[in-house]
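Single-letter residue listing:
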Amino acid sequence: MSQPSSSMPAPGQLTIMERGLYIVAGLLLAAAGARPRPNALLSIAALGAGGYLAWRGAEGSCPAKAALAELNTTPSARPTHDPI
């Protein structure tokens, strides 16, 4: 059985536009990291971050987006007080 489609994706799910942006940005970052640089650690970090970003775009989910959506929907843990 298929679920009814809605205009808003589930929290953490990327829209088609976001998926494309994640993939393109990830590939650009990975390509920049693949260029030889004096600091190999920065190249490795750029390759890893770019690959992860492109993978998240291809998969269509983002844990950071899900966490932000959860923060925006859960009530604040601080007690509310009336001003004195």
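Now for a description of the structure that goes with this document.

1. What to know about the overall build of the chain
So, point 1. Per the secondary structure count, the chain includes three helices and zero strands.
So, point 2. Counting from the amino terminus, the chain carries its helices and strands in the arrangement α-α-α.
So, point 3. A buried classification covers 17% of the 84 residues belonging to the chain.
So, point 4. Residue pairs at least 24 apart in sequence account for 65% of intrachain contacts in the chain once pairs closer than 6 positions are excluded.
So, point 5. By element, 68% of the accessible surface of the chain is carried by carbon and sulfur atoms, the whole surface being about 6,900 Å².

2. Topic: the packing of helix 1 (residues 16–34) against helix 2 (residues 40–59)
So, point 1. It is the contact of helix 1 with helix 2, at a shortest axis distance of 7 Å, that shows an interaxial angle of 160°. With respect to helix 2, the element helix 1 is oriented roughly antiparallel. Every pair of crossing elements has a handedness; the one defined by helix 1 and helix 2 is left-handed. When helix 1 is examined against helix 2, the residues Arg19, Tyr22, Ile23, Ala25, Gly26, Leu27, Leu29, Ala30, Gly33 and Ala34 are found in contact with a partner set consisting of Ser43, Ala46, Leu47, Ala49, Gly50, Gly51, Leu53, Ala54, Arg56, Gly57, Ala58 and Glu59.
So, point 2. Counted by class, the contact of helix 1 with helix 2 contains 13 nonpolar, six polar and three charged residues.

3. Regarding the environment of Leu53
So, point 1. Position of Leu53 relative to the elements: it lies in helix 2.
So, point 2. Using a relative accessible area of 26% as the deciding quantity, one classes Leu53 as partly exposed.
So, point 3. Measuring from C-alpha to C-alpha, the distance between Leu53 and Gly26 comes to 4.7 Å, with 27 residues separating the pair along the chain.
So, point 4. When sequence neighbours within four positions are dropped, the list of residues in contact with Leu53 reads Tyr22, Ala25 and Gly26.

4. A few points about the packing of aromatic side chains
So, point 1. Tallying each qualifying case throughout the model produces one aromatic pair.
So, point 2. In this structure, Arg56 packs its charged tip against the face of Trp55, placed 4.5 Å from the ring centre.

How each quantity is defined
- Residues numbered from 1 in each chain as written.
- Predicted model: local features only at pLDDT ≥ 70, side-chain atom pairs only at ≥ 80, totals over all residues.
- Heavy atoms only, no water.
- Helix = DSSP H or I, 4+ residues; strand = E, 2+ residues; numbered from the N terminus.
- Buried < 20%, exposed > 50% of the residue type's maximum accessible area, 1.4 Å probe, protein only.
- Contact = heavy atoms within 4.5 Å.
- Areas by Shrake-Rupley, 256 points an atom, 1.4 Å probe, with all protein chains shown as cover.
- Axes fitted to C-alpha atoms, helices over the stretch in contact; angles between N-to-C directions.
- Parallel < 35°, antiparallel > 145°, perpendicular 65-115°, else oblique.
- Left-handed = near helix turned anticlockwise from the far one by under 90°.
- Nonpolar A, V, L, I, M, F, W, Y, C, P; charged D, E, K, R; others polar.
- Phe/Tyr/Trp six-rings, centres within 6.5 Å; stacked < 30°, edge-to-face > 60°.
- Lys NZ or Arg CZ within 6 Å of the ring centre and 35° of its normal.

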